[in-house]
Amino acid sequence: MADVKIHPSWKKVVGEEFDKEYFKKLTQFVKNEYSTKTTYPEGKNIFRAFELCPFEEVKVVIIGQDPYHGPKQANGLCFSVNDKIPLPPSLQNIYKEIETDLVVKRPTKGNLDNWARQGVLLLNATLTVRANTPGSHQKQGWEQFTDAVIKAISDKKENIVFLLWGKYAQDKGVIIDRKKHQVLSAPHPSPFSAHSGFFGCKHFSKTNKYLESIGEKVINWTML
C-alpha cells in the first residue's frame with residue numbers, strides 16, 4: 001500500500017504506524033486480497049477519506065465499520081457511495097434525519113465527497129473488504145490503524161465533533177477525550193435500529209450549533 005496516496009498532513013501525525021509490524025502484515029494481507037479476490041474499494045481509494053479531508057481541516061468525525069461490499073458502491077468514505085449507485089438503507093435513513101432535523105429537502109445523491117471537503121472525516125474502522133463478505137478484513141490490523149487516527153485527532157486537536165452511531169462506533173470512541181471534544185452518540189442508522197433513537201437525534205443541527213459556538217464554519221449537509 002506504499003503507493004496509495006495519503007495526505008502529507010496525516011503522515012505527520014500517524015506516519016509512524018506505517019513502519020510498525022502490524023501494518024507491514026496488514027499490507028501483505030491487503031495486497032494478497034486485491035491480487036486474488038475482488039476487493040473494495042478500488043486500491044486508489046483506500047485512503048481517500050484522508051486525501052479529501054486533511055488533518056488540519058478536520059472538524060467532524062463520523063465513524064463507520066466496513067466499506068460497502070457490493071459492486072461499485074464503496075468509494076473510501078464511510079456511508080458514501082459512488083455516483084449513480086442506489087442509496088443504501090443506512091444512507092437513506094441519514095438523509096431522512098437530515099430532512100427532518102434541518103427542515104430541508106432530502107438529498108438524493110449518495111456521494112459524500114463534499115462533506116469530506118468541508119472537514120468531515122468519514123472514517124471506516126476497516127478500510128477494505130472482500131466482495132460480498134462483510135467483516136472479511138476485520139482483525140487484520142485496520143482497527144489498530146484507525147484507533148491511532150482517532151487518538152491522534154483526540155490528542156492533537158480540540159473541539160472536534162465526533163458522531164458515534166451504533167455500539168461499534170461508540171466502543172471505538174472510548175479513547176476520545178470528552179473534555180476536549182463534543183461527542184454525540186445515537187443508535188446506528190440501519191433499518192434495524194434507526195427507529196430506536198437515530199431518528200430524532202438531531203445530530204446535524206447539534207453539530208452545526210456547536211461549530212457555530214466555537215466560531216467555526218458550519219457544515220452544509222445538503223451540499224452534495
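Along each chain, residues carry numbers from 1 onward, in the same order as the chain's sequence is written. Local features in a predicted model are, by the rule used here, given only for residues with pLDDT of at least 70; side-chain atom pairs are given and counted only at 80 or more, and totals for whole chains, interfaces and linings are based on all residues. Side-chain figures throughout are based on the complete set of non-hydrogen atoms in the structure, without hydrogens or water.

Q: For this particular structure, what's the right way to read the overall build of the protein chain?
A: Going along the chain from the N terminus, every DSSP run of H or I of four or more residues is numbered as a helix, and every run of E of two or more is numbered as a strand. Of the regular secondary structure elements, the protein chain holds 8 helices and 6 strands. Moving toward the C terminus, one meets the helices and strands of the protein chain in the order α-α-β-α-β-α-α-β-β-α-β-α-β-α. To get the radius of gyration, use the C-alpha atoms; to get the globule rule, take the number of residues to the power 0.38 and multiply by 2.2 Å. Relative to the compact-globule value of 17 Å for 224 residues, the protein chain shows a C-alpha radius of gyration of 17 Å, a close match. Projected onto its principal axes, the C-alpha coordinates of the protein chain cover approximately 45 × 35 × 25 Å. Within the span of the protein chain, comprising 224 residues, buried residues form 54% of the whole. Residues are treated as being in contact if the distance between any of their heavy atoms lies within 4.5 Å. For the protein chain, the proportion of contacts with a sequence separation of at least 24, taken over those separated by at least 6, is 68%. Under the convention used here, a 1.4 Å probe and the Shrake-Rupley method define accessible areas, while residue burial counts only the protein chains that appear. A total accessible area of about 10700 Å² is found for the protein chain, and carbon and sulfur atoms account for 50% of it. For the purpose of counting charges, residues Lys and Arg are taken to be positive, whereas Asp and Glu are taken to be negative. His and the chain ends are not included. We put the charge of a Lys on NZ, of an Arg on CZ, of an Asp on CG and of a Glu on CD. When the 32 basic and 24 acidic side-chain charges of the protein chain are each reduced to a single mean position, those positions are 3 Å apart. Using a 1.4 Å probe on the protein chains alone, a residue whose accessible area is under 20% of its type maximum counts as buried, one over 50% counts as exposed, and one in between counts as partly exposed.

Q: For this particular structure, what's the right way to read the packing of helix H4 (residues 89-102) against helix H8 (residues 203-213)?
A: Helix packing for two helices is described by the angle between their axes and how far apart those axes are. Helix axes use the C-alpha atoms of the stretch in contact, all axes being lines fitted to C-alpha atoms, and the angles between their N-to-C directions lie in the range 0 to 180 degrees. Running from amino to carboxyl end, H4 crosses H8 at an angle of 60 degrees, the nearest separation of the two axes being 8 Å. Judged on the interaxial angle alone, H8 and H4 are oblique. The segment H4 lies against H8, with Ile-94, Glu-97, Ile-98, Asp-101 and Leu-102 engaging His-203, Phe-204 and Ser-205. Angle categories: roughly parallel below 35 degrees, roughly antiparallel above 145, roughly perpendicular from 65 to 115, and oblique for all the rest.

Q: When you look at the side chain of His-181 in this model, what are you seeing that I'm missing?
A: Structurally, the position occupied by His-181 is in the loop between helix H7 (167-172) and strand S6 (182-186). Here Ser-154 takes part through its backbone oxygen, which lies 2.9 Å from a polar atom of the side chain of His-181. Here a polar contact means two N or O atoms within 3.5 Å. Within protein one must be a hydrogen donor candidate and the other an acceptor candidate, and residues neighboring in sequence count only if both atoms are side-chain atoms.

Q: What's the story with the sheet that holds strand S3 (residues 120-124) in this structure? I'm lost.
A: Sheet strands pair via backbone hydrogen bonds, and the direction of the pair is either parallel or antiparallel. Only when DSSP finds a minimum of two bridges between them are two strands counted as paired. Pairing is parallel in the open sheet, where 4 strands are placed in the order S3-S2-S5-S6. Across the chains shown, the open sheet's two edge strands, defined by having one partner strand only, are S3 and S6. The average angle at which neighbouring strand axes cross in this sheet is 20 degrees, direction not considered. Pairing of strand S5 (residues 161-165) with S6, which is carried by 5 bridges, proceeds in the parallel orientation. Within S6, the position partnered with Leu-164 by the bridge is Ser-185. Relative to the sheet, helix H6 (residues 142-156) contacts strand S2 (60-64), S3 and S5, its axis offset from that of S3 by approximately 155 degrees.

Q: So what exactly am I meant to see when it comes to the environment of Thr-39 here?
A: Checked against the element boundaries, Thr-39 lands in strand S1 (residues 39-40). Look at Thr-39 and you get buried, because its relative accessible area is 8%. If near-sequence neighbours (up to four positions away) are discounted, Thr-39 is found in contact with Glu-33, Tyr-34, Thr-128, Val-129, Arg-130, Ala-131 and His-137. A polar contact of 3.2 Å, which involves the side chain of Thr-39, links it to the backbone oxygen of Glu-33. A distance of 3.2 Å separates the side chain of Thr-39 from the backbone oxygen of Lys-37, its partner in a polar contact.

Q: What is the right way to look at the packing of aromatic side chains in this model?
A: We describe a pair of aromatic rings using the distance from one ring centre to the other and the angle between the two ring planes. Stacked, edge-to-face and tilted are the three classes for Phe, Tyr and Trp ring pairs, Trp counted by its six-membered ring, which pair at centre distances within 6.5 Å; planes under 30 degrees apart are stacked, over 60 edge-to-face, the rest tilted. Scanning the model with the defined rule gives 20 aromatic pairs in all. Ring centres 4.9 Å apart and planes at 80 degrees place the aromatic pair Phe-18 and Phe-23 in the edge-to-face group. Judged by its relative accessible area of 23%, Phe-18 is partly exposed. Among the residues examined, Phe-23 registers a relative accessible area of 4% and is labelled buried. By way of ring pairs, the aromatic residues Trp-10, Phe-18, Tyr-22, Phe-23, Phe-47, Phe-50, Phe-55, Trp-142 and Phe-145 are connected into one cluster.

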